[in-house]
Amino acid sequence: MKFNWGTGIVLAFVAFISFIMYFVIRMNTDNRTDHELVTKDYYKQELAYQKEIDAEKNAAELDEELSVRKSEDGLLITFPKNFNPKNVTGKVSLYRPSNRHLDFNFPISLSNTHLLIPDNRLVDGRWDIAIEWHYKGKTFLHKQKLTY
């Protein structure tokens, strides 16, 4: 068989396409590279976006803002002092962009103006926290990106 320029170019294309296809197939089948960057119910959340905007506006208009800070015991969420803790309801959502299996939600139940998320529930890295709470018929929303 005679090896000429045409044969070399065809073999180079076949080798390159094989190389690319190997990595495409490997990335699609490997579980270690399965990173979901959006939530499952993305479209459902998008339909309720105006309610989020209104709730964030309500939270911004408060005299005292909600604060989220890291403490020795975990993540400490401090609600405004003028709220009666027994009348505050809602939920806290922690979203981990790099691993959806670490995401979790829990309801807000307060006995004082502080809420503590234990240190053992949080892995070091970036978290997106969304705190939605209801007080006297009004909805409030606080969103923050933090590195734990």
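Refer to the structure presented above.
Keep in mind that what you see is a predicted model, and the values were worked out from it rather than measured.

Enquirer: Would you mind going over unusual backbone geometry with me for this structure?
Expert: One can expect most non-glycine residues to show negative phi and most peptide bonds to be in trans. Its identity as a non-glycine residue notwithstanding, K136 has a phi of 50°, on the positive side. Note on placement: K136 falls in the loop between strand 6 (126-135) and strand 7 (138-147).

Enquirer: I tried to follow helix 3 (residues 49-60) on my own but got confused; where do I start?
Expert: Each full turn of the α-helix corresponds to 3.6 residues, which orients residues three or four apart in the same direction. An ideal rise of 1.5 Å per residue puts 16 Å on twelve residues; helix 3 measures up with 17 Å between its terminal C-alpha atoms. Looking at the packing, one finds that the buried side of helix 3 touches strand 6 and strand 7.

Enquirer: What should I look at first to understand the pairing of strand 6 in this one?
Expert: Two elements, strand 3 (residues 89-95) and strand 6, share seven bridges in a ladder whose sense is antiparallel. Considered in strand 6, the bridge of V92 is made with I131. Bridge count for strand 6 against strand 7 is ten bridges, and the pairing is antiparallel. Considered in strand 7, the bridge of Y135 is made with K138. The hairpin turn running from strand 6 into strand 7, its antiparallel successor, is two residues long, and K136 in that turn takes a positive phi close to 50°.

Enquirer: Can you walk me through the side chain of S93 in this structure?
Expert: With respect to the helices and strands, the residue S93 is situated in strand 3. For S93, a relative accessible area of 17% puts it in the buried group. One polar contact links S93 to N105, side chain to side chain, over a distance of 2.9 Å.

Enquirer: Honestly, the sheet that holds strand 1 (residues 67-70) in this entry has me stumped. Any pointers?
Expert: The strands making up a sheet associate through backbone hydrogen bonding, with each pair oriented either parallel or antiparallel. Read across the sheet, three strands follow the order 1-2-5 without closing on themselves; strand pairing throughout is antiparallel. For this open sheet the edge positions go to strand 1 and strand 5 (114-118), each flanked by a neighbour on one side alone. Mean inter-strand twist for the sheet, computed between neighbouring axes without regard to direction, equals 20°. Strand direction decides the pairing type here: strand 1 and strand 2 (residues 74-78), joined by four bridges, are antiparallel. Paired with R69 across the two strands is L76, which belongs to strand 2.

Enquirer: Explain the sheet that holds strand 3 here, please?
Expert: Sheet architecture is open: four strands sit in the order 4-3-6-7, paired in antiparallel fashion. Only two strands of the sheet have a single partner each, and these edge strands are strand 4 (104-107) and strand 7. Within this sheet the neighbouring strands show an average axis-to-axis angle of 15°, counted without direction. Sitting on the sheet, helix 3 is in contact with strand 6 and strand 7, with an inclination near 85° to strand 7.

Enquirer: Explain the packing of aromatic side chains here, please?
Expert: Within a pair of aromatic rings, the relevant descriptors are the distance that separates the centres and the angle that separates the planes. Under the definition given, this model contains nine aromatic pairs. Measuring from ring centre to ring centre gives 5.0 Å for F19 and F23, while their planes differ by 75°; the resulting arrangement is edge-to-face. Taken together, the residues span about one helical turn, with F19 and F23 both in helix 1 (residues 5-29) at a distance of four residues. Under the relative-accessibility criterion, F23 is labelled partly exposed at 33%. Measuring from centroid to centroid gives 4.3 Å for F83 and Y135, while their planes differ by 10°, and the two rings are stacked. Separated by 52 residues along the polypeptide, F83 in the loop between strand 2 and strand 3 and Y135 in strand 6 bring together distant segments of the chain. Overall, the relative accessible area of 11% leaves Y135 in the buried class. Ring pairing ties together the aromatic residues F79, F83, W133, Y135 and F140, which thus form one cluster. Residue placement shows R96 over the ring face of W127; its charged tip is 5.3 Å from the ring centre.

Calculation rules
Numbering of residues begins from 1 in every chain and follows the order in which that chain's sequence is written. Restriction of local features to residues with pLDDT of at least 70 applies here, the model being predicted, together with a cutoff of 80 or more for giving and counting side-chain atom pairs; totals for whole chains, interfaces and linings are based on all residues. For side-chain calculations, the full set of non-hydrogen atoms in the structure is used, while hydrogens and water are omitted. Where helices and strands are cited, they refer to DSSP runs of H or I of at least four residues and of E of at least two residues respectively, numbered from the N terminus. Multiply 1.5 Å by the residue count of a helix minus one, and that product is the helix's expected span. Pairs of residues are marked as contacts when any of their non-hydrogen atoms sit within 4.5 Å. Paired strands are those between which DSSP finds at least two bridges. The buried label goes to any residue with under 20% of its type's maximum accessible area, the exposed label to any with over 50%, and the partly exposed label to all in between, with areas taken from a 1.4 Å probe on protein chains only. Polar contact is the term for a pair of N or O atoms within 3.5 Å; when the atoms are in protein, one must be able to donate a hydrogen and the other to accept it, and sequence-neighboring residues count only if both atoms are side-chain atoms. Angles here are taken between N-to-C directions and fall from 0 to 180 degrees, while the axes themselves are lines fitted to C-alpha atoms, restricted in helices to the stretch in contact. In summary, the pairing rule links any two rings of Phe, Tyr or Trp, Trp by its six-membered ring, whose centres are within 6.5 Å, and it sorts them by plane angle into stacked for under 30 degrees, edge-to-face for over 60 and tilted for everything else. Each ring is checked for a lysine NZ or an arginine CZ that lies within 6 Å of its centre and within 35 degrees of its normal; such an atom marks a charge sitting over the ring.

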